[in-house]
Amino acid sequence: MKRFLYLILILMAGSACKEVFEAPPQAFLQVSFLNSSTNNPIFPSTTVWGIGLENLWVKDSVLHEILLPLSANDSTNFLISFDSHIDTITFNHETIQKYASMESGFYFEYKLHSIDYTHNRIDSIHIIDSLITKKWNENIILYIHPLSVGNN
Amino acid sequence: MRILYYTFILCLLATISFGQAEQKKKVVPKRTDNYIRMTGIRVGMDVTRPFQDLWTKGNRYGSEFSLDMELWPNWFPVFESGYEFMKIKTSNIDFTGKGSYSRLGIDYNFLQAENKNDKDILFVGLRYGFALASQQVNQYQIDSYWGPITGRFGNQNFFAHWGEFLIGLKGEVFHNFYIGWTIRGKVKMNHTDFVLPSVYFIPGYGKAEKKFTLDFTYSVYYNIPWDFRKSLSDKKPDSKK
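Since we're looking at a predicted model, the values are computed, not measured. Residue positions are given per chain, counted from 1 along the sequence in the order it is written. Chain letters and ligand numbers both follow the written order, the letters beginning at A and the numbers at 1. A pLDDT threshold of at least 70 governs which residues receive local features in this predicted model, and a stricter bar of 80 or more applies before side-chain atom pairs are shown or counted, although totals over entire chains, interfaces and linings include all residues. Just so you know, side-chain values use all the structure's heavy atoms and leave hydrogens and water out.

## Some thoughts on the overall build of chain B
In DSSP terms, a helix is any run of H or I states spanning at least four residues, a strand is any run of E spanning at least two, and both are numbered starting from the N terminus. When its secondary structure is counted, chain B shows two helices and 10 strands. Element order for chain B, N to C, with α for helix and β for strand: α-β-β-β-β-β-β-β-β-β-β-α. Within chain B, the proportion of its 241 residues that are buried is 42%. Whether two residues are in contact is decided by their heavy atoms, any of which lying within 4.5 Å being enough. The long-range share in chain B, meaning contacts at least 24 apart out of those at least 6 apart in sequence, stands at 66%. Of the roughly 13100 Å² of accessible surface on chain B, a fraction of 63% belongs to carbon and sulfur atoms. To sort residues, take the accessible area from a 1.4 Å probe on protein chains only and compare it with the maximum for the residue type: under 20% means buried, over 50% means exposed, and anything in between is partly exposed. Note on areas: these come from Shrake-Rupley sampling with a 1.4 Å probe, and a residue is covered only by the protein chains present in the view.

The structure is reproduced here in structure tokens:
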């Protein structure tokens, strides 16, 4: 009987630190930046924010790659500033709700259909992988015009 | 967990093959305790079910009762039935799963009795278990840069069934009062599933995503001292009249 009580006490002690629940995974659109003239990686000073939102996603960061969060709607709109030249990008996609577990919850994955964009700094966009899942991989390559000497 | 699953399957196969080998040799010693020791029906309650919350993730509670009797010497048909409830509430999800389950099976005692009053048993058993249950996601939230998305999934009813292999002990502590434990390996056979969300918790089994689970029970029993064989034999002369 004493052993049984000890077992209960050990289980009670163990239960004090058992309730750890992981957050659900997240799917991000991974974008790489390449120089449209040389096809080499380019590192512009980048600021990104969602149209209609006040919070910036990325602020003045020098990057070659970026992860973008898509919305639960059928399209997601971003303003992207490359070295203070602003472009608008619209990602048209399908949103698929996924189940992680009852401990962590649900998340979204996406299938990218098309991309609309302005051409201030963006030359073109190439879709590498249209499936945006919890396993992050390069989804699109964004070819950016190099800055002219006078703009540097 | 996959290692445990395969270990369990190997043990099962080894037991079956051992049994076959024994049959071939025909050297099984005859038992000297070939008599009914426990007359009546034994009613039990698993005292661990209300405290499962202590060692499982989420809030899991339940209750379980059992009935067994020594129908043939050393063979005990068993019926077990219970109810379990599980709740998980985090910032991302509010989940409730609940339902009743039952198991039918038989235990075989391989502990030789010293005399008719020796009612302690060491047994192995097999069970077929099934559950009728439901689950509901009262609310979920998906956090995002674009703002949180909330939603819910209504009540989903499902059926699940599984097999169990167990080993245990029951000892008489006072006249007609017993205590005992079992260790159970459970192998899932099948369950109803949904596109979204999947079945998470099967009452009486555990997490639905697992093909094999291990469980432990500790029960108290009372043997209702009703000798049905005697009652039947007493009735026979009456019926002739």
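## With respect to the sheet that holds strand β7 (residues 105–117) of chain A
Residue and element names in this part refer to chain A. One requirement defines pairing of two strands: DSSP has to find at least two bridges between them. Across the sheet, six strands lie side by side as β3-β2-β5-β6-β7-β9; this open sheet has antiparallel pairing. At either margin of the open sheet sits one strand with a lone partner, and together these are β3 (56–62) and β9 (131–132). Across eight bridges, strand β5 (residues 75–82) lies against strand β6 (residues 85–101) in antiparallel orientation. When the bridges of β6 are listed, F78 appears paired with I89.

## A closer look at unusual backbone geometry
Between B:L196 and the following residue, B:P197, the backbone shows a cis peptide bond with an omega angle of -10 degrees. Tracing the backbone through its elements, the reader meets B:P197 in the loop between β7 (177–191) and β8 (201–202). Phi angles above zero are rare outside glycine, and A:D60 is one such case at about 45 degrees. Residue placement: A:D60 occurs in strand β3. Look at B:N176: it is not a glycine, yet its phi comes out positive at around 75 degrees.

## Some words on the nonpolar core
A:L29, A:F33, A:F91 and A:L142 are the most contacted members of the largest nonpolar core, which has 40 residues in total. For this core, the leading source of residues is β7(A), giving five residues. Non-local contacts of A:L142, meaning those with residues more than four positions away in its chain, are made with A:V31, A:S32, A:F33, A:L34, A:F82, A:I89, A:I122, A:S124 and A:I125. What is meant by a nonpolar core is a set of buried Ala, Val, Leu, Ile, Met, Phe, Trp, Tyr and Cys residues, joined one to another through side-chain atoms within 4.5 Å. By size, the runner-up hydrophobic cluster in this structure holds 10 residues, among which are B:A131, B:A160, B:I202 and B:A208.

## Focus: the interface of chain A and chain B
At the junction of the two partners, chain A supplies 36 residues and chain B supplies 27 residues. Summed over both partners, the interface of chain A with chain B comes to about 2700 Å²; 71% of that surface belongs to carbon and sulfur atoms. A pairing counts as a salt bridge when a side-chain nitrogen of Lys or Arg comes within 4 Å of a carboxyl oxygen of Asp or Glu. In this assembly, chain A and chain B are joined by two salt bridges. A salt bridge links B:K207 to A:E103; its shortest N-O distance comes to 2.7 Å. Polar contact is the term for a pair of N or O atoms within 3.5 Å; when the atoms are in protein, one must be able to donate a hydrogen and the other to accept it, and sequence-neighboring residues count only if both atoms are side-chain atoms. Applying the counting rule to chain A against chain B returns seven residue pairs in polar contact (both at pLDDT 80 or more). Residues of the side of chain A that touches chain B, tallied by class, amount to 21 nonpolar, 11 polar and four charged. Buried area is a sum: the accessible area each of two parts loses on coming together, probed at 1.4 Å, counted once for each and added. The nonpolar class holds Ala, Val, Leu, Ile, Met, Phe, Trp, Tyr, Cys and Pro. Asp, Glu, Lys and Arg form the charged class, and all remaining residues, Gly among them, are polar.

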